[in-house]
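As a plain string of letters, each chain reads:
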Amino acid sequence: FEKGGVKVRTTLVKRPRRTPVKDQGDNPFAGREAVFFSRLSRVKQVPVLLEEIYIDSDRFPGVERLSFADRSLSEQVERHFHMRPVLADQNFRVVSLDTERARLLERSPGESILLVRRTLHFKNAQGAIFSELFCRTDQLVFSQTLEGVGND
């Protein structure tokens, strides 16, 4: 949002807390414990992005005490843990919204939405952050610039 000049307000839906992760889809924390939090981003009062984020509590001790409202996850991780992702895996799909996510995004249950599943890898910490991003493409075009792609 920042690089695109879009003014965004991000609030926490669920505060960071350690939680056991159920076996679900592509989540690398399935069957283990991780720090989980979710947050909602709004542009001009309209909800545009719901993020559900899982972080490896062993690799990022104390991460649950950081503030993630109106702050970049990457910036917080770099500032407090001096780590930057070296690789990301992403997949994209269209899913139907459940009742709670629909309510947060001000959509109807069952409505289709873009889901981006992203796993961030760090040097010596593969799959250390996993997120599911529910993106309202009726409000914004979501794009990303990838740097450092290749075998360097």
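The text that follows walks through the structure, step by step, so that each part is easy to find. Keep in mind it's a predicted model, so treat the numbers as computed, not measured.

1. Some thoughts on the pattern of salt bridges
Oppositely charged side chains can pair when the atoms bearing their charge come close. With the rule as written, the count across this model stands at 12 salt bridges. With a closest N to O distance of 3.4 Å, Glu106 and Arg42 form a salt bridge. Of this pair, Glu106 sits in the loop between helix 2 (99-105) and strand 5 (112-122) while Arg42 sits in strand 2 (residues 33-43), and the two are 64 residues apart along the sequence. Under the relative-accessibility criterion, Glu106 is labelled partly exposed at 46%. Among the salt bridges present, the one from Arg103 reaches Glu100, with a minimum N-O distance of 2.6 Å. In this pair, Arg103 and Glu100 are both assigned in helix 2, 3 residues apart and thus about one turn of the helix distant.

2. Focus: the sheet that holds strand 5
A sheet is described by the order of its strands in space; here 6 strands give the open sequence 1-2-3-6-5-4, paired in antiparallel fashion. Two strands bound the open sheet, and with one partner strand each, they are strand 1 (9-20) and strand 4 (85-96). On average, adjacent strands in this sheet sit at an angle of 15° to one another, irrespective of strand direction. With 9 bridges connecting them, strand 2 and strand 3 (residues 46-55) associate as antiparallel partners. When the sheet's bridge partners are listed, Ser38 is paired in strand 3 with Glu52.

3. Some details on the nonpolar core
In this structure, Ile55, Phe60, Val63, Leu73, Phe122 and Ile129 are the most contacted members of the largest nonpolar core, which totals 17 residues. Residue assignment for this core shows that the elements contributing at least two residues are strand 2, strand 3, helix 1 (73-81), strand 5 and strand 6 (125-135). Apart from residues lying up to four places away in sequence, Ile129 is in contact with Phe29, Ile53, Tyr54, Ile55, Phe60, Leu73, Val77, Arg118, Thr119, Leu120 and Phe122. Counting 9 residues, the second largest nonpolar core, distinct from the first, contains Leu50, Leu104, Ile113 and Phe134.

4. Describing the packing of aromatic side chains
Summed over all chains, the structure comprises 5 aromatic pairs. Note on Tyr54 and Phe130: the rings are 6.1 Å apart at their centroids and 40° apart in plane angle, and the pair reads as tilted. Within this pair, whereas Tyr54 is found in strand 3, its partner Phe130 is found in strand 6, the two being separated by 76 residues in sequence. An angle of 70° between the planes, with centres 5.5 Å apart, marks the rings of Phe60 and Phe122 as edge-to-face. With Phe60 in the loop between strand 3 and helix 1 and Phe122 in strand 5, this pair connects stretches of sequence that are 62 residues apart. Grouping residues by exposure puts Phe60 and Phe122 together as buried. Grouping aromatic residues by their ring pairs yields a cluster made of Phe36, Tyr54 and Phe130.

Thresholds applied
- Residues numbered from 1 in each chain as written.
- Predicted model: local features only at pLDDT ≥ 70, side-chain atom pairs only at ≥ 80, totals over all residues.
- Heavy atoms only, no water.
- Salt bridge = Lys/Arg side-chain N within 4 Å of Asp/Glu carboxyl O.
- Helix = DSSP H or I, 4+ residues; strand = E, 2+ residues; numbered from the N terminus.
- Buried < 20%, exposed > 50% of the residue type's maximum accessible area, 1.4 Å probe, protein only.
- Pairing = 2+ DSSP bridges.
- Axes fitted to C-alpha atoms, helices over the stretch in contact; angles between N-to-C directions.
- Core = buried A, V, L, I, M, F, W, Y, C linked by side-chain atoms within 4.5 Å.
- Contact = heavy atoms within 4.5 Å.
- Phe/Tyr/Trp six-rings, centres within 6.5 Å; stacked < 30°, edge-to-face > 60°.

Purely geometric numbers; function is a separate question.
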